[in-house]
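Fold and geometry: a report
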Amino acid sequence: MINGNKVLFSGMQATGNLTLGNYLGALKNWVDLADDYECYYSVVDMHSITVRQDPAVLRKRARALLTLYIAAGIDPEKNCLYYQSHVSGHAELAWILNCFTYMGELNRMTQFKDKAAKHTDNINAGLFTYPVLMAADILLYQADVVPVGIDQMQHLEITRDIAQRFNAVYGDVFTIPEAYVGKVGAKIMSLQDPAKKMSKSDENPNASIYLMDDADTIRRKCRRAVTDSEGAILYREEQPGVKNLLDIYCACSGKTPQEAVREFDGCGYGQLKDAVAEAVIAVLNPLQTRFRELEKDKGYIDGIIRTNAERAAYTANKTLRKVQKKIGFPERVR
Ligand code: TYM
């Protein structure tokens, strides 16, 4: 809570090309919730360097991501869109919270285990303490709600645990955040392997629909999506490929799974795939057009980056000073 307003915080990594999963699981909900909260949406570039990055590519992707937030419909005058690395409070609070987080807790994080298995040559300490930086992001802004996909739930839980542990010692310093997970789209699966989540880092380009894919590419990827040999369009766990297509369809069209099943009654998988493709294109097309327009307006984006970083830093510093005082760091002499 800040000045009586409920606060929303969320972020995305500027790593890889954003997928439809990122959009339906997170970005879309950010836009839907923006009017009801004081919102902070960060491009979490500090998290990105837990995996080795090419500096020029990271810089370019970070800017594209911030532009995409605006293209998706987040108003940068009303909401605070900024780069995590521009607000030093994230790193400062993360250090403090590291001292309130146990190795055993971090050892249980499934994302750490997955990423460590994938990057065996670079299992760095940052990858291990990644959830602590995420806790710092959220707690700095005293966030009440954090819209994320299901894959981030474990990180939200550890954030709550760290905040509660800190508050138990020092009083009510941090707001305890709640995750917000949408009813549909919270876990979009790979089009090639519906047992795996759709991911920016998947090596098979047919597994993911990228937000910048053109209409023909989207149609082709949908047509190639893995289904099953049942032949019936039903919304159930036994048909994960079909269920995923229905999830995508519902998240894009606003229909419920029951409505979609009724609509596709008697149809073949080919018809379902074509309908899914058209629903996705209808959502992504305006976003892509707006992105291309915004991208050209360098001065406008630069202005947003400058002013929003200042706004974010102001709020972040208020929490940071409070925390520093509570834990006994000496007061600044003016
Ligand atoms: P990231 O960048 O991997 O993903 C950004 C958001 O997209 C969601 N998401 C999905 N949702 C549905 N289906 C999928 N297949 C799918 N893939 C990704 C994620 O759940 C996420 O909401 N650690 C975070 C970024 C972060 C953050 C934070 C988020 C850093 N600090 C503080 C919230 C609050 C991450 O790597 O997300």
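Residues numbered from 1 in each chain as written. Predicted model: local features only at pLDDT ≥ 70, side-chain atom pairs only at ≥ 80, totals over all residues. Heavy atoms only, no water.

1. Focus on the overall build of the protein
- Along its length, the protein carries 14 helices and five strands.
- Relative to the globule expectation of 20 Å for 334 residues, the C-alpha radius of gyration of the protein, 21 Å, shows essentially globular dimensions.
- Principal-axis analysis of the C-alpha atoms places the extent of the protein at approximately 75 × 45 × 40 Å.
- Taken across its 334 residues, the protein has 52% of its residues classed as buried.
- On the protein, roughly 15800 Å² of surface is accessible, and the fraction owed to carbon and sulfur atoms is 51%.
- For the protein, the separation between the mean place of its 42 positive charges and that of its 41 negative charges on side chains is 4 Å. (Helix = DSSP H or I, 4+ residues; strand = E, 2+ residues; numbered from the N terminus. Rg over C-alpha atoms; globule rule 2.2 N^0.38 Å. Buried < 20%, exposed > 50% of the residue type's maximum accessible area, 1.4 Å probe, protein only. Areas by Shrake-Rupley, 256 points an atom, 1.4 Å probe, with all protein chains shown as cover. Lys, Arg positive; Asp, Glu negative; His and termini not counted. Charge placed at Lys NZ, Arg CZ, Asp CG, Glu CD.)

2. Examining the pattern of salt bridges
- Applying the stated rule across the entire model yields 16 salt bridges.
- With its nearest N and O atoms 3.2 Å apart, the salt bridge here joins aspartate 274 to arginine 223. In this pair, aspartate 274 sits in helix α13 (residues 269-296) while arginine 223 sits in helix α10 (residues 215-223), placing the two residues 51 residues apart along the sequence.
- A network of salt bridges, in which partner residues are shared, links Arg63, Lys298 and Asp302. (Salt bridge = Lys/Arg side-chain N within 4 Å of Asp/Glu carboxyl O.)

3. Let's talk about the site of the ligand
- The ligand sits among 26 residues. The nearest are Tyr130, Asp137, Gly149, Asp151 and Ile188.
- Glutamine 152 is positioned such that a nitrogen or oxygen atom in its side chain is 3.2 Å from a nitrogen atom of the ligand.
- At 3.0 Å from a nitrogen atom of the ligand is found a main-chain nitrogen or oxygen belonging to methionine 198.
- Protein contact buries 97% of the 710 Å² of open area that the ligand shows by itself.
- Elements supplying a minimum of two residues to the shell around the ligand: β1 (7-12), α1 (20-33) and α8 (130-140).
- Residues of the shell around the ligand, tallied by class, amount to twelve nonpolar, ten polar and four charged. (Near = heavy atom within 4 Å. Polar contact = N/O pair within 3.5 Å; in protein donor to acceptor, adjacent residues only side chain to side chain. Nonpolar A, V, L, I, M, F, W, Y, C, P; charged D, E, K, R; others polar.)

4. Some words on the nonpolar core
- Within the largest apolar cluster, 62 residues are counted, with the highest numbers of intra-cluster contacts made by Leu27, Tyr41, Tyr69, Ile248 and Val280.
- By residue number, the principal contributor to this core is α13, which donates twelve residues.
- Each of domain 1 (6-180 + 298-327) and domain 2 (215-293) gives at least three residues to this core.
- Counting 43 residues, the second-largest nonpolar core is a separate cluster that includes Ala116, Leu127, Ala143 and Val323. (Core = buried A, V, L, I, M, F, W, Y, C linked by side-chain atoms within 4.5 Å. Domains from an automatic or database assignment.)

5. Side note on the packing of aromatic side chains
- By the definition in use, this model includes eleven aromatic pairs.
- With a centroid separation of 4.7 Å and an interplanar angle of 15 degrees, the aromatic rings of tryptophan 30 and tyrosine 41 are classed as stacked. Of the two residues, tryptophan 30 is situated in helix α1 and tyrosine 41 in strand β2 (residues 38-43); the sequence distance between them amounts to eleven residues.
- The exposure class of tyrosine 41 is buried, given its relative accessible area of 0%.
- Taken together, a centroid distance of 5.0 Å and an interplanar angle of 55 degrees make the contact between phenylalanine 166 and phenylalanine 174 tilted. Comparing phenylalanine 166 with phenylalanine 174 shows no difference in burial state: the two are buried.
- Among the aromatic residues, those joined into a cluster by ring pairs are Phe9, Tyr40, Tyr82 and Tyr141. (Phe/Tyr/Trp six-rings, centres within 6.5 Å; stacked < 30°, edge-to-face > 60°.)

6. Thoughts on the environment of leucine 140
- Relative to the elements of secondary structure, leucine 140 occurs in helix α8.
- Taking C-alpha positions, leucine 140 is 9.6 Å from phenylalanine 9, a pair spaced 131 residues apart along the chain.
- Excluding anything up to four places from it in sequence, leucine 140 contacts Gly89, His90, Leu93, Thr315, Ala316, Thr319 and Leu320. (Contact = heavy atoms within 4.5 Å.)

7. What to know about the domain arrangement of the protein
- For the protein, the domain assignment lists domain 1 (6-180 + 298-327) and domain 2 (215-293).
- The straight-line distance from the C-alpha centre of domain 1 to that of domain 2 is 31 Å.
- On the domain 2 side, the residues contacting the nine residues of domain 1 number nine residues.
- When the two sides are added together, the surface that domain 1 and domain 2 hide from each other amounts to roughly 820 Å², 85% of it contributed by carbon and sulfur.
- When residues of domain 1 are sorted by the area they lose upon contact with domain 2, Leu20, Leu24 and Ala71 head the list and together hold 50% of the total. (Buried area = accessible area lost by both parts, 1.4 Å probe.)

8. Thoughts on helix α11 (residues 240-253)
- Between its first and last C-alpha atoms α11 spans 20 Å; for 14 residues at 1.5 Å apiece the expected length is 20 Å, and the two agree.
- In terms of burial, α11 is largely enclosed, as twelve of its 14 residues are buried.
- Regarding α11, the residues found buried are Gly241, Val242, Lys243, Asn244, Leu245, Leu246, Asp247, Ile248, Tyr249, Cys250, Ala251 and Cys252.
- Buried residues along α11 sit in contact with α1, α12 (257-263) and α13.
- Directly after α11, the chain includes glycine 254, whose backbone phi takes a positive value near 80 degrees. (Expected span 1.5 Å × (residues − 1).)

9. Thoughts on the layout of surface pockets
- Reported here for the second largest pocket is a volume of approximately 470 Å³.
- Along its surface, the second largest pocket is lined by 21 residues, and Lys60, Arg61, Ala64, Leu65 and Phe291 are the ones closest to its centre.
- Looking at the lining of the second largest pocket element by element, the count peaks at eight residues for helix α3 (residues 55-71).
- Of the residues belonging to the lining of the second largest pocket, the class tally is twelve nonpolar, five polar and four charged. (1 Å grid on protein atoms, 1.4 Å probe; cavity = no way out; pocket = protein on both sides within 12 Å on 5 of 7 lines; lining within 4 Å. Points joined across faces, edges and corners; volume = space filled by probe spheres on them.)

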